[in-house]
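Inside the fold
So the chains spell out like this:
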Amino acid sequence: MATLEKLLHDRLASAFEAVAGQPADPTLRRSQHADFQADGALPLARQLGRKPRDIAADVVRAARLDDLCASVEISGPGFINLTVANEALAPLLAGMSRDERLGVQPAAVPDTVVVDYSAPNVAKEMHVGHLRSTVIGDAAVRLLDWLGHRVIRANHLGDWGTPFGMLIEHLLDIGESEAAHELSLGDLNTFYQAARAKFDADDTFKERARTRVVALQSGDEQTRRLWRLLVDESEKYFLAVYDRLDVCLTEKDFAGESFYNDMLVPVVEELDRLGLLRDSDGAKVVFPEGFTNREGDPLPIIVQKRDGGFGYGATDLAAIRYRTQELDATRLLYVVGLPQRQHLEMVYEAAKEAGWLKPPARAAHIGFGSVLGPDGKIFRTRAGDTIKLVVLIDEAVARAAALIEQKNPDLDESTRVEVARMVGIGAIKYADLSNDRTRDYVFDWKRMLSFDGNTAPYLQYARARILSIFRRGEVTPVRDLAAITVAEPAERALAIELLAFEGVVVEVAESLEFHRLANYLYGVSTAFTAFYEKCPVLRAEGQVRQSRLALSDLTARVLGRGLGLLGIGTPDRM
RNA sequence: GCGCUCGUAGCUCAGCGGAUAGAGCAGCUGCCUUCUAAGCAGUUGGUCGCAGGUUCGAAUCCUGCCGAGCGCGCCA
């Protein structure tokens, strides 16, 4: 579907080409001075040796814009200010309204995308760091899926490695039933810390743990059974958290580190065959091109440790090979914290050198910053005073419930519970997704649960008010109008905002910068509330009423869809 | 030491080379016999860390400095 911005861009592009004698970017964007502005004349001035205003004038003359624009003006040093004609908006809005997908086409060339996210550790509590990976990954899954890509969710569970010796020994100490009890309660910190404490304090326990790791790795049956118990109980717990958080992850999506165990030997062998494997201090390593350490020496990925055990680099390489070769993935997304950036880049580079990651397949690190406390310092994982994710969720929902009770006491009990869930969870997710993910963000109970300003509840509320109009007026949305006419400034502003939906969605599908979608939706909401104040819907008559109803309905759908892509629920009343 | 981020209003953040740098919160002023006031309208508040450079044009790109955070071989 041709969107407004695309139409304007194409018309201007051909005019610019005619004037410049070669393709030139109109550099079209939204403007405070008009609906849109095109700044392309300015960079051409030097090139063409002419005044930018004259170039702009020629472009305006050459451009066919009369069916789209009510006015086209040149201002300042040579900006072309475009005001879109109301008559041009009407059919575009009607087209969008008619379309189930709100004007967003499925991807022309669908990718097979593996989204690697969440990745909690067995027998360890999920905390705010997992929140980021889970929430961002979930949004990526929802968005890419909606755009018609084949999405594979990969929950890279931390279910292998040396800690399992100590965890299994601790499990034996307290007894299987007690262990299962603690784990099923989600009391993972207690379990893990008790094991850790013994490991640090007791040398014989430490020795038992070491022996147990060897038994686990050599496939000892009894040990494997105990390990499985730990993993199963933890998975059950994580699934309960996912359910509570309303994210797409299921039991089928667990593909933990252990999943790649059988591939590690073949991976090392293949690296060796390819001549990429080096011996360094007894360890088998790969030196990917372009990475050096503090002395300027090549920086290695440790594939196999001196003791014969495999490093996480081996698992990561095996995962890439599996994903591109077995799953036929063309796009690999790693929703992992920013500190691991260099490691991931090294792995990508090594995978390229091994031929496991070649175009069109590509890998990207969807990195995110740390979660900071109100004091501006990083939440310490090991200090023990991290906030458990479940506690956070419960608190958010409880606060939302209290607020709903206060604001809208008329809601019946079951509605209130459901709304509290959507509002509380939505607030948490939106607080995360509305910030640039590459930056740290301050985790602040008060702000996160404040329902004013740029928050999920504000957007949810805007949508709920729209549905309320339809309930009140006892009308059902009509979606097959030939045209949605707009006249008032508030209507126009809303209309132009709505028509930008496709562009934002397409851009975010590539950048995975969800705060752009969040900010867009916030803009839609503020545009709507302004419209809501100034333009009565039900009290309007005839075609104006029809158009306003349709515009309201379209807004509700954009908000519902947009928030849905972010994994945020939208209550019909609140 | 090397590398990667970041430094924008009192606070939390947008701004991916373009006009007088924008929001929300907090503060101040108004607005509920009219579709949910979890709202709206207005207002106060900024040498965009500092100094150079590139450019017709820099918060945005480059260099240096100051400050904060993170990463840099057998943990993941």
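We now turn to the structure provided with this report. Since we're looking at a predicted model, the values are computed, not measured. (Residues numbered from 1 in each chain as written. Chains lettered and ligands numbered in written order. Predicted model: local features only at pLDDT ≥ 70, side-chain atom pairs only at ≥ 80, totals over all residues. Heavy atoms only, no water.)

Here we look at the nonpolar core
Residues L8 and F514 are the most contacted members of the largest nonpolar core, which totals 154 residues. The element that contributes the greatest number of residues to this core is helix 5 (residues 128-146), accounting for 10 residues. Setting aside residues no more than four positions away along its own chain, L8 makes contact with L28, F36, L65, L68, C69, L82 and V84. M263, A318, A354 and L357 belong to the second-largest nonpolar core, a separate cluster that totals 37 residues. (Core = buried A, V, L, I, M, F, W, Y, C linked by side-chain atoms within 4.5 Å. Buried < 20%, exposed > 50% of the residue type's maximum accessible area, 1.4 Å probe, protein only. Helix = DSSP H or I, 4+ residues; strand = E, 2+ residues; numbered from the N terminus. Contact = heavy atoms within 4.5 Å.)

Re helix 18 (residues 489-498)
In terms of burial, helix 18 is largely enclosed, as 8 of its 10 residues are buried. Where helix 18 is concerned, the buried positions are A490, E491, R492, L494, A495, I496, E497 and L498.

Focus: the side chain of Q460
Note on placement: Q460 falls in helix 17 (residues 456-473). When sequence neighbours within four positions are dropped, the list of residues in contact with Q460 reads M422, V423, L563, I568, G569, P571 and M574.

Focus: the packing of aromatic side chains
One pass over the structure, following the stated rule, counts 11 aromatic pairs. Pairing Y334 with Y348 gives two aromatic rings, centres 5.6 Å apart and planes at 50 degrees, and the pair type is tilted. Placement of Y334 in strand 10 (residues 331-334) and of Y348 in helix 13 (residues 341-353) is noted, with a sequence separation of 14 residues between them. Overall, Y334 belongs to the buried group, its relative accessible area being 5%. By relative accessible area, Y348 is classed as buried at 7%. An aromatic cluster of three or more residues is present, and its members are W146, F501 and Y520. Above the face of the W356 ring, R321 is positioned so that its terminal group lies 5.7 Å from the ring centre. (Phe/Tyr/Trp six-rings, centres within 6.5 Å; stacked < 30°, edge-to-face > 60°. Lys NZ or Arg CZ within 6 Å of the ring centre and 35° of its normal.)

Brief notes about the packing of helix 8 (residues 188-201) against helix 9 (residues 203-217)
Any two packed helices are characterised by the angle at which their axes cross and by the distance between the axes. Between helix 8 and helix 9, whose axes approach to 6 Å, the crossing angle comes to 110 degrees. Taken together, the axes of helix 8 and helix 9 lie roughly perpendicular to each other. Two secondary-structure elements touch here, helix 8 through A195, K198, F199 and A201 and helix 9 through D203, F205, K206 and A209. Its residues assigned to classes, the contact of helix 8 with helix 9 comprises 5 nonpolar, no polar and 3 charged. (Axes fitted to C-alpha atoms, helices over the stretch in contact; angles between N-to-C directions. Parallel < 35°, antiparallel > 145°, perpendicular 65-115°, else oblique. Nonpolar A, V, L, I, M, F, W, Y, C, P; charged D, E, K, R; others polar.)

Considering the sheet that holds strand 2 (residues 36-38)
Two pairing modes exist for strands in a sheet, parallel and antiparallel, and in both the strands are linked by backbone hydrogen bonds. Here 4 strands make up an open sheet; going across it, the order is 1-2-4-3 and the pairing antiparallel. Unpaired on one side and paired on the other, strand 1 (28-30) and strand 3 (69-75) mark the two borders of the sheet. When the angles between neighbouring strand axes are averaged without regard to direction, this sheet yields 25 degrees. Note that strand 1 and strand 2 share 3 bridges and pair antiparallel. Considered in strand 2, the bridge of L28 is made with A38. Here helix 3 (residues 52-62) sits on the sheet in contact with strand 3 and strand 4 (79-84), set at roughly 165 degrees to strand 3. (Pairing = 2+ DSSP bridges.)

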